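Observations on the three-dimensional arrangement
Listed here are the chains, written in short residue letters.
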Amino acid sequence: MWPLWYLGGVLWVTRLVVPDVVVWYPPVDVSDTQLASGWLDQVWARSERTCAIIASNTPSCHLFHYQDGLCSLSDVNVSYATMKTLSITQPPSPPTTSCRTRYGRVCFTNVGMFSEGETYVLECKNATCSNGVSVYTASAVAECSAPFTMESGVGCVYMMSTNMTWCDARVLCTDLGGDLYVPANFTALQYYLLPYAYKNVWVGVRDQKWLNGNAVTTAEWATGKPNDMTIYTCSRMVPSNSLYNLDDTTCFKASFVSLCQRQVPGM
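**Notes on the overall build of the protein chain**
The secondary structure content of the protein chain amounts to 5 helices and 22 strands. Here the protein chain holds 267 residues, and the buried ones make up 45% of them. Residue pairs in contact within the protein chain that sit at least 24 positions apart in sequence constitute 63% of those at least 6 positions apart. Element-wise, carbon and sulfur atoms account for 54% of the exposed surface of the protein chain, whose accessible area totals about 13400 Å².

In C-alpha cells form, the structure reads like this:
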C-alpha cells in the first residue's frame, strides 16, 4: 500500500501526481555523467509539486531534480533505446543526482539504465529489472553440495581453477549459490592455500573491505600493501613470507583463480 497525503487537490504518494495525470515516480539516483548534457533549464519553484507541474508542462522534460527551491529539468529520456545509448561501463559509481522520472518500470543503476525484465550485472552479481527495482537472480544454497566440499578450518569451499576477473568470479560464485570467500579465521585460510601453490587467488575483498563489511586489517595485507590508492580495487591472496596475504589490484582486468564459499548453517 502506498502511503498517502492529500494536499491542495493533488494526491501525493511516494509517486507524485500532477494535473493531467502525469505521474512522477519516486526519486532515483541518476549518474551525473548521463545527466551532463541533458539539463534543459533551472528555475526557482516554491515546492517540489510546483517543480513537477513545470516539468509536466515541458514536453521534452523526462527527469527533474528539486532542491532548496531550485527546479532542474532534464531531457534525459529513459526509453529503452536511449538507455542503451546512455549506459556506462565499469568501473561503476560516478557521482549521482536524485531525480524523479516519468517512467516507473525502469531501473537506474550505477552501470546504466535498464528496462523491465532486462538482465545485467550489478555489483558483480546477476540482476533483473523488476518493477523499477534491481533484483538479484541467484539464491544462496544452504548445503555443502558439489562442486563445493567441506574443508577443515575454512568451511564449505570451491576452488575455481579457471582464470577470470574478480567481477566474473563473483558472478559465478553467486550463481553457484555462494560468494567469494570471506574467512571466519584468516590464519586457517592462509594455511589452506599453501598446498595449491597458486600465485594469486581471488577472495571476497573490494575497496579494502571484506564483502561482509569488515575492513582488511594490517596483519592481513602482504608486506607493503595496499599500494593501489584508486577506488574499485579488489584483492587476491598472494604468497608472502611463507604464507598467503592480501594484495590489491584492479577488479576488472586482472585474471586469477578464485575461492568461493557457501554459508552452511551449523557448520
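Additional details are given in the paragraphs that follow.
**Let's talk about the environment of Met150**
In this structure, Met150 sits in strand E15 (residues 149-151). Looking at Met150, the relative accessible area reads 39%, which means it is partly exposed. A C-alpha to C-alpha distance of 9.6 Å links Met150 and Arg262, two positions 112 residues apart in sequence.

**Observations regarding the side chain of Thr97**
Checked against the element boundaries, Thr97 lands in strand E9 (residues 96-101). Polar side-chain contacts of Thr97 include one of 2.7 Å to the side chain of Asp32. Residues contacting Thr97, with those up to four places away along its chain left out, are Val28, Asp29, Val30, Asp32, Leu35 and His65.

**With respect to the environment of Val133**
Checked against the element boundaries, Val133 lands in strand E14 (residues 133-136). Taking the relative accessible area as the measure of exposure, Val133 reaches 47% and is therefore partly exposed. In this structure, the C-alpha to C-alpha distance between Val133 and Cys107, residues 26 residues apart in sequence, is 5.8 Å. In contact with Val133, not counting residues within four places along its chain, are Cys107 and Thr128.

**Structural notes on the sheet that holds strand E5 (residues 28-31)**
The 5 strands lie next to each other as E5-E9-E7-E8-E6, forming an open sheet whose pairing is antiparallel. Whereas interior strands pair on both sides, the edge strands pair on one side only; in this sheet they are E5 and strand E6 (39-44). In this sheet, adjacent strand axes meet at a mean angle of 40 degrees when their direction is disregarded. As paired strands, E6 and strand E8 (residues 70-74) are joined by 5 bridges and run antiparallel to one another. Looking at E8, one finds that Trp44 is bridged to Leu70. Its contacts with the sheet place helix H2 (residues 48-56) against E6, strand E7 (63-67), E8 and E9, and it is angled at close to 155 degrees to E7.

What counts as what
- Residues numbered from 1 in each chain as written.
- Predicted model: local features only at pLDDT ≥ 70, side-chain atom pairs only at ≥ 80, totals over all residues.
- Heavy atoms only, no water.
- Helix = DSSP H or I, 4+ residues; strand = E, 2+ residues; numbered from the N terminus.
- Buried < 20%, exposed > 50% of the residue type's maximum accessible area, 1.4 Å probe, protein only.
- Contact = heavy atoms within 4.5 Å.
- Areas by Shrake-Rupley, 256 points an atom, 1.4 Å probe, with all protein chains shown as cover.
- Polar contact = N/O pair within 3.5 Å; in protein donor to acceptor, adjacent residues only side chain to side chain.
- Pairing = 2+ DSSP bridges.
- Axes fitted to C-alpha atoms, helices over the stretch in contact; angles between N-to-C directions.

These results come straight from atomic positions and should not be treated as a statement about function.
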